[in-house]
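Okay, here's what each chain looks like letter by letter:
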Amino acid sequence: MNSNDEKEILLLYLQRMYWVETEMEQPLEWEAKIELQGEFRDALEILSSDSDRHAMILEKWMKVLDIELPKEAPRGISKKIFDFKGESYYEIFSEIMKYEIFARDAYETIANTDENLLKEIFPEEDTRKQFLQSMNYLVTEEERHRTICAEKVGGYSTIISSPR
């Protein structure tokens, strides 16, 4: 694969993750807030406000790279409607956790971009370091979100499996 192809893939990854943060995680978390009617408010508020912050970080880097913000789902990402009506908090947090794991893995992929490609995209070392710090920060954040969801899911399975 040539350098231009690799660069296009990286730019597409950034667009996809921006879409995931703004058009998938946000509706997912808001639908969960509506269905859970105040339960787990703190956890859902963390996930939702962090997702906004993540989108702002991505938007900053997309502007630096002169990448257009997607107005529709980028190639490979579908528009999904979330409906948690009648689902338990276990099912809701399990669904959210899938997206947190996906996001963590995607940010790890971006953070592990070939160094030569990053040098080509960001000739200034300081800018390159800042970009990698941002992506590694997002990896850490998404892992924290996965943990938040796992705690909710784990609590449910412990209650279900305990003898009466």
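Structure shown above.
What counts as what
- Residues numbered from 1 in each chain as written.
- Predicted model: local features only at pLDDT ≥ 70, side-chain atom pairs only at ≥ 80, totals over all residues.
- Heavy atoms only, no water.
- Axes fitted to C-alpha atoms, helices over the stretch in contact; angles between N-to-C directions.
- Helix = DSSP H or I, 4+ residues; strand = E, 2+ residues; numbered from the N terminus.
- Parallel < 35°, antiparallel > 145°, perpendicular 65-115°, else oblique.
- Left-handed = near helix turned anticlockwise from the far one by under 90°.
- Nonpolar A, V, L, I, M, F, W, Y, C, P; charged D, E, K, R; others polar.
- Phe/Tyr/Trp six-rings, centres within 6.5 Å; stacked < 30°, edge-to-face > 60°.
- Buried < 20%, exposed > 50% of the residue type's maximum accessible area, 1.4 Å probe, protein only.
- Polar contact = N/O pair within 3.5 Å; in protein donor to acceptor, adjacent residues only side chain to side chain.
- Contact = heavy atoms within 4.5 Å.
- Salt bridge = Lys/Arg side-chain N within 4 Å of Asp/Glu carboxyl O.

### What to know about the packing of helix H1 (residues 3-36) against helix H2 (residues 41-64)
Part 1: At a closest axis distance of 9 Å, the pairing of H1 and H2 adopts a crossing angle of 165°. For the element pair H1 / H2, the angle class is roughly antiparallel. Where H1 crosses over H2, the two elements pack in a sense that is left-handed.
Part 2: Classifying every residue of the contact of H1 with H2 gives 11 nonpolar, 6 polar and 7 charged.

### Description of the packing of aromatic side chains
Part 1: Under the counting rule described, the total for this entry stands at 7 aromatic pairs.
Part 2: Relative to Tyr89, the ring of Phe40 lies with its centre 4.7 Å away and its plane at 40°, an arrangement referred to as tilted. Separated by 49 residues along the polypeptide, Phe40 in the loop between H1 and H2 and Tyr89 in helix H3 (residues 89-111) bring together distant segments of the chain.
Part 3: On the basis of relative accessible area, Phe40 is assigned to the partly exposed category, the value being 25%.
Part 4: Accessibility expressed as a relative area gives 21% for Tyr89, which makes it partly exposed.
Part 5: Measuring from ring centre to ring centre gives 4.8 Å for Phe122 and Phe131, while their planes differ by 35°; the resulting arrangement is tilted.
Part 6: An aromatic cluster is defined as three or more aromatic residues linked by ring pairs; in this entry it consists of Phe40, Tyr89 and Phe93.

### Regarding the side chain of Thr113
Part 1: In this structure, Thr113 sits in the loop between H3 and helix H4 (115-121).
Part 2: Classification of Thr113 by relative accessible area gives buried; the value is 16%.
Part 3: Polar side-chain contacts of Thr113 include one of 2.6 Å to the backbone oxygen of Ile110.
Part 4: Setting aside its immediate chain neighbours within four residues, Thr113 contacts Leu10 and Leu118.

### Focus on the packing of H1 against H3
Part 1: Between H1 and H3, the least distance of the axes is 11 Å, while the angle of their chain directions is 165°. It follows from the interaxial angle that H1 and H3 lie roughly antiparallel. In this structure, the crossing between H1 and H3 has a hand that is left-handed.
Part 2: For the contact of H1 with H3, the class distribution of residues is 19 nonpolar, 1 polar and 6 charged.

### Some details on the pattern of salt bridges
Part 1: Inspection of the entire model under this criterion finds 12 salt bridges.
Part 2: Residues Lys119 and Glu115 are paired through a salt bridge, measuring 3.5 Å at the closest nitrogen-oxygen approach. Of this pair, Lys119 and Glu115 both sit in helix H4, 4 residues apart, roughly one helical turn.
Part 3: The partner of Glu125 in a salt bridge is Lys129, and the shortest N-O contact between them spans 3.4 Å. Remark: Lys129 and Glu125 occur in helix H5 (residues 125-161); sequence separation between them is 4 residues, near one turn of the helix.
Part 4: The class of Glu125 is partly exposed, set by a relative accessible area of 46%.
Part 5: Here the residues in one salt-bridge network are Asp50, Arg53, Glu141 and Arg144, joined through shared partners.

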